[in-house]
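Structure assessment
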Amino acid sequence: MAARHHGALIALTATLALAGCGSAPAAPRESATPLGSTTPREGATPPVKAAPPAAPKIAPTAAIGAAKSEIRRNGKAVKSAPGEKYQAVDAVVDDGGEQHVRFQRTHEGLPVLGGDFVVHSTADGSFRSATVAQDQAIDIPATTKISRADAIETAGLTGRTETRKVVDALDGRPALAWEVTGHAKVVIVDATTGRVRLAYDTVHTAEKGTGHGLHAGEVELNTTRRADGTYALVDTERGGNTVRDALNDYYYSGIGKYAEFSDSDNAWGDGTRADRATAAVDALYGMAQTWDYLKDTFGRRGIGDDGKGVTAYVHHSTDQANAAWFGTSCACMTFGDGRATGAPFTALDVVAHEMAHGLTDHTANLVYRGESGALNEATSDIFGTLVEFYANNPVDPPDYLAGEQTRTREPALRRMDEPSLDGKSVSCWTPTAKDLDVHHSSGIGNKFFYNLAVGSGTSPWGQSTPCGDAGPVTGIGNDKAAQIWYRALTLYMVSNTDYAGARVGTLLAATDLHGQDSVEWSAVDAAWRAVGVDGSQPGWGTPEFGPIPDSVPTPRAGETVSYQLTARDPQRQEVTFSATGLPPGVSITPAGLISGAPTTRGEYRSSVTATDPDGNSTESSMRWVVKGPPLVDSAPADMIMQMGAITTVGIYHVTFTDAPDWQVDPTNSFKASVTGAPDGFNARIRSQAQGTFIAEVSGVVRTPGSGTAVVTGTDADGDQVTVSIPWEVRPAKTPSAPIGVQVTGGNGTALVTWDRPTPGIGKLLPEGYVVRVSPGAETRVGEDARSLTLTGLDSRRAYTVGVRATSKSGDGPEQTITLAPTGLPLSASPAAITYGQASTVSGRVLRDNTTPVAGATVIVEHRPAGKTTWSRFATVRTDSKGVWRATAKSATTSAIRARYTGSAGLWPATSAHAWISVRYTITAKASTTKPKANKKINVSGTAKPARGGVNVTLQYRKGTRWITITSTRTTATGAYTFSRAFKRGTWHLRTVISGGSYNTTSTSASVKIKVT
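Residues numbered from 1 in each chain as written. Predicted model: local features only at pLDDT ≥ 70, side-chain atom pairs only at ≥ 80, totals over all residues. Heavy atoms only, no water.

Structural notes on the overall build of the protein
Within the protein one finds eleven helices and 69 strands. In terms of overall size, the protein is more extended than a compact globule, its C-alpha atoms giving a radius of gyration of 55 Å where 1012 residues would be expected to give roughly 31 Å. Overall, the C-alpha framework of the protein stretches about 165 × 100 × 65 Å when taken along its three principal axes. Here the protein holds 1012 residues, and the buried ones make up 49% of them. For the protein, long-range pairs separated by at least 24 residues make up 64% of all intrachain contacts whose partners lie at least 6 apart in sequence. Carbon and sulfur atoms make up 49% of the accessible area of the protein, which totals about 45100 Å². For the protein, the centre of its 99 positive side-chain charges and the centre of its 96 negative side-chain charges are spaced 35 Å apart. (Helix = DSSP H or I, 4+ residues; strand = E, 2+ residues; numbered from the N terminus. Rg over C-alpha atoms; globule rule 2.2 N^0.38 Å. Buried < 20%, exposed > 50% of the residue type's maximum accessible area, 1.4 Å probe, protein only. Contact = heavy atoms within 4.5 Å. Areas by Shrake-Rupley, 256 points an atom, 1.4 Å probe, with all protein chains shown as cover. Lys, Arg positive; Asp, Glu negative; His and termini not counted. Charge placed at Lys NZ, Arg CZ, Asp CG, Glu CD.)

Remarks on the sheet that holds strand β46 (residues 787-790)
Here three strands make up an open sheet; going across it, the order is β42-β43-β46 and the pairing antiparallel. Two strands close off the open sheet at either side, each with one partner strand: β42 (739-745) and β46. Going from strand to strand, the sheet's axes swing by 15 degrees on average, the running direction of each strand aside. (Pairing = 2+ DSSP bridges. Axes fitted to C-alpha atoms, helices over the stretch in contact; angles between N-to-C directions.)

A closer look at the sheet that holds strand β40 (residues 705-714)
Across the sheet, four strands lie side by side as β35-β41-β40-β37; this open sheet has mixed pairing. On the outer flanks of this sheet lie β35 (639-642) and β37 (671-675), each paired with one strand and no other. The sheet shows a mean angle of 25 degrees between the axes of neighbouring strands, taken without regard to direction.

Here we look at the nonpolar core
The tendency in soluble globular proteins is for nonpolar side chains to be buried as a group. Core analysis: the largest hydrophobic core is formed by 87 residues, its most contacted members being Val243, Tyr293, Phe383, Phe448, Phe449, Trp485 and Trp528. Leaving out residues up to four positions away in the same chain, tryptophan 485 has contacts with Leu375, Thr379, Ile382, Phe383, Phe448, Phe449, Met493, Thr506 and Trp528. Grouped together as the second largest cluster of nonpolar side chains are 24 residues, Val860, Ala874, Ala909 and Val918 included. (Core = buried A, V, L, I, M, F, W, Y, C linked by side-chain atoms within 4.5 Å.)

Notes on the side chain of glutamate 98
Mapped onto the elements of the fold, glutamate 98 is located in the loop between β3 (84-93) and β4 (99-107). For the buried glutamate 98, which has no salt bridge, the nearest side chain bearing the opposite charge is arginine 128, at an N-O separation of 4.1 Å. Discounting residues that sit within four places of it in the chain, glutamate 98 has contacts with Val92, Val93, Ser121, Thr122, Ala123, Arg128 and Leu491. (Salt bridge = Lys/Arg side-chain N within 4 Å of Asp/Glu carboxyl O.)

Topic: the UniProt feature "active site" (unreviewed entry) in the protein
UniProt records the feature "active site" (unreviewed entry) for Glu354 and His439 in the present numbering. A stretch of 86 residues holds the annotated residues, and the largest C-alpha distance among them is 13.1 Å, short enough that they meet in one place. With respect to the secondary-structure elements, glutamate 354 resides in helix α5 (residues 348-362). Residue glutamate 354 is classed as buried on the basis of its relative accessible area of 0%. Tracing the backbone shows histidine 439 in helix α7 (residues 438-441). Owing to a relative accessible area of 8%, histidine 439 belongs among the buried residues under this scheme. (UniProt positions renumbered as here; feature names shortened; annotations may be inferred.)

As structure tokens, this is what we get:
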């Protein structure tokens, strides 16, 4: 036997196990013979009315029409989206008149895979709920990005294929897709991303296989033949029920490793634990029997009544003595192999028990804790037993024991006749039942069902003793008991139903099926008393409000209202009504008539209560919006506008409030208008929030004037409020002063620049400008002018320059600026340097020769001797005191000056120049310092800067005087040489280079020689 291995991850939200074991009992095809009898105690019944006469049978076509109407009103419940159409494919009307209509959908003409849903309606055709396949409403692009050809290539199918455009809503977010069908396979390709969303084999007809189970013995199985000729444990006749091998993996947070069971001859298992398919046979057999029981007994197509099967994973974990139902995550089950000394948890009643958890999920959805959790477990035990009786397999004879085939405990995991005999479960209700493990408190429900079906006392199935002083019970058989429990579960139990509520629900179900005066009704009452649930427990079942005529009434203050409330009590008792928070002037009668005339505008949140004679009550709410005319919240005291050059724009705001009316009025229904305003003005609502409406009153005025504007606010009901606002439009003003006025001096000229005045409310635009210079005259220029050059000026003088704008209303204010002469004192220190040394040149920049100018840029230039042009050697900036400094290092005597190019308000200037004289440097050295008498030696050296033809004199010292011996001239490199003989004696020699226009004279150091 081959196994196909897969990996998957499914969110695991709940594990509803069979109890530290896990399983559940149920009822035989034929009713068990009633054993024992009892007469219910007087006064034991809840106040329930007699069963009403059967309602006329509703035709499926009428049910379909009613369901279509409900879809239009409840589109959100069926994940409706624009562009969809719905085609009814099936309609079921049960005996109570409740209707269930199944639909397929198309979206923009495309078939929707996974778009089917079922609408559940009450007997009067009102929408109750919907079972919807898809996860969310469809919102897909209109066009595909992936072509049909690309989709076919991605699918990778060989041979002839058929391709159609669909909406894939089978799993997750719906998407536009291509459905490619080829030989024995379908591939769904996303038409936007190009990825494969889903691929599956097409299934041929179901095959009949043979199974050899450990618990079930040899049984017939429905399996599926694959395209390759092998068989899979997939029962297509029962919604695709599937069994897989969990490979002894423990599914901690989701479905983990598994393998598909595969077989070539369609013969499965060998009846021993050695063959892994043996457990799978028991599981698939149990799933089939449970499916058939629900269908044959209640007309239910699977646990969800939707024709869909479930998946079971056998060999879960290692030696796990448990089974579990995974409801919200995957609608699947896991079955352990049991202890080494026991047997796998795949017995018939265990499998049916787990599937019954799914039935509960799809109906009452009992919360898995407290007494509701106990009822959840009891329901699974009950149906587990009922399926066992239905199958009536001689290899596993039916009984009222739960999980006896697992051999985990003797005689079984749980027993229904007297649950407390297992040492853990309870048989009788006590207030502490809600605090027990749900597998143990389920004994109360199990014993109730046993007594209802079999009766109390001794029977072939066990021994059941009524609790306390309750009387004996006569059973009515499995069939009737099953119908009563199923109807109570599907119609009268809700998520938090407790045992008291289950008693009421089963009594109501018995009334519906047999009447309140029936033997069956009395048996239900007696069976509950036999487990200590006698109606003295806290009441259950609160009244249910009928549709409230108007949950948000919107009368006007003073307008008469009348609303009749209705409610249905589960115990079928009359209810009385009360209310709090009604608007002043409105009241409610005990019969539920709300009437009166509200006196005060406002929002009122009312709580209405329906109460039955037992004190059970239900609250609902009504939100009243008592309407009235709008109000003015704020408005300007006046509207004063100033004319501009041609027109002026006025914008004012009036705030209205219309609360609480705005909450129920149509959006954008509040309007504003204005009369008596300046020509060209209108009013409109600019913004609104929480009942506050801001009206903008605005327009363009062209002429001066005055008057009174009347602004009107009108709400959706036509109510109005007005406010009067005086207004005045004043004549225009002269322009403002030009901005950015600057004057920059040049060589006897000055450039004046400015920008247009800043516009102001009521200010005229300039028609031209006047530039005034003092001393001097005025010059007029056009409105586009932004500069003017002044000529004939003296840079040694200070001038005041003013610029003003002109208009037809006169000249505006003048903006003035002063153009002042610039002082540039300059000095050099030291003024005489030796070649290679530097001198510091410093000076100041002074406005009008007095005020220091900080941050001014000064260009320092020099003109070496013999040159006629000036060149820059430094650019410096003044410090905060207007002082600047630069270092001058020249090879020749040079003239130094500073030049300031001018700036806004300052004339340019050039300083007087200073001189820096540069001395030669000269060296001297004798070829020997101890020559012989009358024998020539050389005295040589170098002068810098090097310049050829400069006269050099050789001198000796006599006393304090230096006497010239001879002279020579320098070469182009500045070198010189003297060749001379000296008499005996000591000589002190030096050389002197003559100065000129380039450099000044310089003398070498003294050289001492001794002539012998």
